[in-house]
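# Overview (structure and organization)
Letter by letter, the chains look like this.
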Amino acid sequence: MSAAAGVTVCGAAPRLLAQAVVSDTTGQVASGTEPPPDTGPRYAVPTTLDRAGRIVAPVTIGSTESLRFILDTGANRSAVSARTAARIGATTTGETLVHGITGAAVMPQVEVAEMRLGDLRFERHRFAVLADTIFAGVDGILGIDALQTARIDIDFGRDIVTVRHSTNQRPKGWLIVRATVRHRGLLLIPGRVGRVPVKAIIDTGAERSLGNEALFSALERRRTDTSEARPTTVIGATAQVANGRTYLGPPVSLGGGAHIGALSITFADFHVFQVWDLLRTPALVIGMDVLGTLNEFSIDYPRGEFQLKVDRRLPPVQFGAYD
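Residues numbered from 1 in each chain as written. Predicted model: local features only at pLDDT ≥ 70, side-chain atom pairs only at ≥ 80, totals over all residues. Heavy atoms only, no water.

### A few points about the overall build of the chain
Counting secondary structure elements, the chain contains 7 helices and 26 strands. Of the accessible surface of the chain, which amounts to about 13,800 Å², a share of 49% is contributed by carbon and sulfur atoms. (Helix = DSSP H or I, 4+ residues; strand = E, 2+ residues; numbered from the N terminus. Areas by Shrake-Rupley, 256 points an atom, 1.4 Å probe, with all protein chains shown as cover.)

### Quick notes on the environment of Ala242
Of note, Ala242 is situated in strand 19 (residues 241-248). For the pair Ala242 and Thr232, spaced 10 residues apart in sequence, the C-alpha to C-alpha distance is 8.5 Å. In this structure, Ala242 is in contact with Thr102, Thr232, Thr233, Val234 and Phe270, ignoring residues within four places of it in sequence. (Contact = heavy atoms within 4.5 Å.)

### Side note on the pattern of salt bridges
Tallying each qualifying case throughout the model produces 15 salt bridges. Here Glu114 ties to Arg121 by a salt bridge, and the two come within 2.3 Å at their closest N and O atoms. Among the residues examined, Glu114 registers a relative accessible area of 18% and is labelled buried. Arg170 is paired through a salt bridge with Glu305; the nearest N and O atoms lie 2.6 Å apart. In this pair, Arg170 sits in the loop between strand 12 (160-165) and strand 13 (174-178) while Glu305 sits in strand 25 (residues 305-309), placing the two residues 135 residues apart along the sequence. A residue is classified by how much of its surface remains accessible, and Arg170, at 45% relative accessible area, is partly exposed. Look at Glu305 and you get buried, because its relative accessible area is 0%. Through salt bridges that share partners, Glu114, Arg116, Arg121 and Glu123 make up one connected network. (Salt bridge = Lys/Arg side-chain N within 4 Å of Asp/Glu carboxyl O. Buried < 20%, exposed > 50% of the residue type's maximum accessible area, 1.4 Å probe, protein only.)

### Here we look at the packing of aromatic side chains
The relation between two aromatic rings is expressed through the spacing of the ring centres and the mutual angle of the planes. Applying the stated criterion across every chain yields a total of 8 aromatic pairs. For the pair Phe216 and Phe267, a centre-to-centre distance of 5.1 Å together with 70 degrees between the ring planes defines the contact as edge-to-face. Linking Phe216 in helix 5 (residues 213-221) with Phe267 in strand 22 (residues 264-267), this pair joins segments that are 51 residues apart in sequence. With a centroid separation of 6.2 Å and 40 degrees between ring planes, the pair formed by Phe270 and Phe273 is classed as tilted. (Phe/Tyr/Trp six-rings, centres within 6.5 Å; stacked < 30°, edge-to-face > 60°.)

### Some remarks on the side chain of Asn212
Examined against the element boundaries, Asn212 turns out to sit in the loop between strand 17 (210-211) and helix 5. Within the structure, Asn212 has its side chain in polar contact with the backbone oxygen of Thr281 (distance 2.7 Å). Among residues more than four places away in sequence, those in contact with Asn212 are Phe267, Ala268, Asp269, Phe273, Leu278, Leu279, Thr281, Pro282 and Ala283. (Polar contact = N/O pair within 3.5 Å; in protein donor to acceptor, adjacent residues only side chain to side chain.)

### Comments concerning the sheet that holds strand 12
The strands making up a sheet are joined through hydrogen bonds of the backbone, oriented either antiparallel or parallel. With antiparallel pairing, 5 strands are arranged side by side in an open sheet as 12-11-24-25-13. This sheet does not close on itself; its edge strands, each paired only once, are strand 12 and strand 13. On average, each strand axis in the sheet is tilted by 15 degrees relative to the strand beside it, whichever way the strands run. Note: strand 13 against strand 25, 5 bridges, orientation antiparallel. Opposite Val177, over in strand 25, you have Phe306 as the bridge partner. (Pairing = 2+ DSSP bridges. Axes fitted to C-alpha atoms, helices over the stretch in contact; angles between N-to-C directions.)

### Let's talk about the confidence of the model for the chain
Overall, the predicted model of the chain reaches an average pLDDT of 77, with 78% of residues at or above 70. The weakest mean pLDDT in the chain belongs to helix 2 (residues 18-21) at 24; the strongest belongs to helix 3 (residues 82-88) at 95. This stretch, residues 1-52, has a pLDDT under 50; its non-local contacts, to residues over four places away or in other chains, come to 152 contacts. (pLDDT = per-residue confidence, 0-100.)

Encoded structure:
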């Protein structure tokens, strides 16, 4: 059977298996065993400095309700666990190429007659099938193929996730950051790391913020002190392992109005940067270590906007600092 169009599942493992994915000890990789049951809120878990947050939404496939899927704005296609595929009786349609953070692999592909998400309905929707251990107890990943016509509203304070059709309206008093839509829905935002211009990707599927080697080299040329960078091993949704380095970089700004303090970034020429054609241009993935510190934010795909609730006590918008 021929492989279908490529699937990018770049963030699932790094957020779901936090210890198995980013290990800051030299040359060590955790085993990736099944984590303990999730005891947090059902639909959203705010990020803290020692626990990665994840955004989970209720999904109905056919007659199977209460499925829990992660919203992953860094994945261009959706995926389910092997366990979920069997549970919903999905029809096998062949194989598909899955691109993860660290590499690529050919995986089974299934199709369902109908999927419902909020007020969105999809017919004959296809999913890549990934190993159960990647999902850590949730049922699947919702990628851009299920979100590109939607508006996503995240309210960590009230643990509410809303997915609906875009109303073509902007919330009053919020900061609006314009994004360029690439690769069928990937959101690219202009920004800076220190004095280095970057293309930033908003990725709700990534536990940690990631940079490419072009960004690391540009920072070194600007005489940024990188001597404290520590070896880091990264495992993605496929079998390949990437060796990188992590250090506390200079302040980051996004869209000219949102400012992040010194940010801990893991650098490597990750496979996913090649997929996105971002190997030579300084690029930064903004993960849940940053996004999870916000009280509220929205992503409006039809408008190509990343929207943040403004705290008027902190002009301009400020994120926390990370170490």
